[in-house]
Amino acid sequence: MAVDFTKPGFVISVAAELADMHPQTLRQYDRLGLVTPSRASGRARRYSQLDVQKLRQIQELSQAGVSLEGIKRIMQLENQVQALQSRVTELSEELENERQARSEREKIFIAGSGGEVVRIARGGRRAPRKVSQALMLYRPARSGGTADREPATAASGAPRRSARGSGPG
């Protein structure tokens, strides 16, 4: 079970004890807007674990000599930095999604040698086709029949030379 650090659950006396402060100090910080707890029925303050962490941070800064106005400004700037970091993360994700979508739009589809659809990147080339080096001779039929196709070998079993070939034939 996950713990929700933002859920208000501590009354002022418990939060003050956890932060090692006096309850009146917590009331002052609430009036100054440094830590704003939730309100329960009857206007009772309820502090979350996150509020207690803020109180501890305020105490550390105060002990280091930072004024309450300085602490308030530091906390505002920290909140602003956190919001900006969240925005940068959001924009980075949006940019990556746009890059992926653009990459998909820039793909080109071609027909492969077997008739299948092949996707290539724009500007890319597909692999060259393998060209067969086999030779077939075509002899038209002499008596109106169909053409004969046979491998290029003579009756003696020796290869025949085509009309284009060199040497006697």
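Thresholds applied
Residues numbered from 1 in each chain as written. Predicted model: local features only at pLDDT ≥ 70, side-chain atom pairs only at ≥ 80, totals over all residues. Heavy atoms only, no water. Helix = DSSP H or I, 4+ residues; strand = E, 2+ residues; numbered from the N terminus. Buried < 20%, exposed > 50% of the residue type's maximum accessible area, 1.4 Å probe, protein only. Contact = heavy atoms within 4.5 Å. Areas by Shrake-Rupley, 256 points an atom, 1.4 Å probe, with all protein chains shown as cover. Salt bridge = Lys/Arg side-chain N within 4 Å of Asp/Glu carboxyl O. Axes fitted to C-alpha atoms, helices over the stretch in contact; angles between N-to-C directions. Parallel < 35°, antiparallel > 145°, perpendicular 65-115°, else oblique. Left-handed = near helix turned anticlockwise from the far one by under 90°. Nonpolar A, V, L, I, M, F, W, Y, C, P; charged D, E, K, R; others polar. Core = buried A, V, L, I, M, F, W, Y, C linked by side-chain atoms within 4.5 Å. Arc of directions from axis to C-beta. UniProt positions renumbered as here; feature names shortened; annotations may be inferred.

In the annotation of an unreviewed UniProt entry, the protein chain is listed under the name Helix-turn-helix transcriptional regulator and assigned to Kocuria salsicia.

Draft legend 1. Quick peek at the overall build of the protein chain. Counting its secondary structure elements, the protein chain contains four helices and six strands. Element order for the protein chain, N to C, with α for helix and β for strand: α-α-β-β-α-α-β-β-β-β. By the burial criterion, 15% of the 169 residues in the protein chain qualify as buried. Taking as baseline every contact in the protein chain between residues at least 6 positions apart, the subset at least 24 positions apart corresponds to 37%. Roughly 13600 Å² of accessible area belongs to the protein chain as shown, and the carbon and sulfur atoms make up 50% of that amount.

Draft legend 2. Looking closely at the pattern of salt bridges. Counted according to the given criterion, the structure contains three salt bridges. Measuring nitrogen to oxygen at the nearest pair gives 2.8 Å for the salt bridge that ties D30 to R39. With a shortest N-O distance of 2.7 Å, R45 and D30 are connected by a salt bridge. Linking R45 in strand β2 (residues 45-46) with D30 in helix α2 (residues 23-32), this pair joins segments that are 15 residues apart in sequence. Considered together, R45 and D30 belong to a single accessibility category, that of buried residues.

Draft legend 3. Spotlight on the packing of helix α1 (residues 12-19) against helix α3 (residues 49-63). Between α1 and α3, the least distance of the axes is 9 Å, while the angle of their chain directions is 45°. By the angle between their axes, α1 is oblique relative to α3. As for how α1 packs across α3, the hand of that crossing is right-handed. Across the interface between the two elements, A15, L18 and A19 of α1 pack against V52, L55, R56 and Q59 of α3. When the residues that make up the contact of α1 with α3 are grouped by side-chain class, the tally is five nonpolar, one polar and one charged.

Draft legend 4. Structural view of the nonpolar core. Core analysis: the biggest nonpolar cluster contains 16 residues, and L26, Y47, L55 and I58 have the highest contact counts within it. If you list the elements that add at least two residues to this core, you get α1, α2, α3 and α4 (68-105). Every residue in contact with L26, bar those within four places of it in the chain, is listed here: I12, A15, A16, M21, Y47 and L55.

Draft legend 5. How the structure looks around α1. Buried within α1 are the following residues: I12, A15, A16 and A19. Taken down its axis, α1 places every buried residue within 100° of arc, on the same side. Packed against the buried residues of α1 are α2, β2 and α3.

Draft legend 6. Region of interest: the UniProt feature "coiled-coil region" (unreviewed entry) in the protein chain. UniProt's feature table lists "coiled-coil region" (unreviewed entry) at residues 74-101, given in the numbering used throughout. In the segment residues 74-101, helix accounts for 100% and strand for 0%; the C-alpha atoms at its two ends are 41 Å apart.

Draft legend 7. Representation of α2. Taken residue by residue, α2 has L26, Y29 and D30 as its buried positions. All buried residues of α2 fall inside an arc of 105° around its axis, so they share one side. Where the residues of α2 are buried, they touch α1, β1 (38-39), β2, α3 and α4. Remark: G33 follows α2 within two positions and exhibits a positive phi of approximately 85°.

Draft legend 8. Structural view of the environment of T36. With respect to the helices, strands and loops of the structure, T36 is situated in the loop between α2 and β1. Taking relative accessible area as the criterion, T36 reaches 57% and is therefore assigned exposed. Counting along the chain gives eleven residues from T36 to Y47, while the straight-line C-alpha distance between them is 8.4 Å. Dropping the residues within four chain positions of it, T36 is found in contact with D30 and D51.

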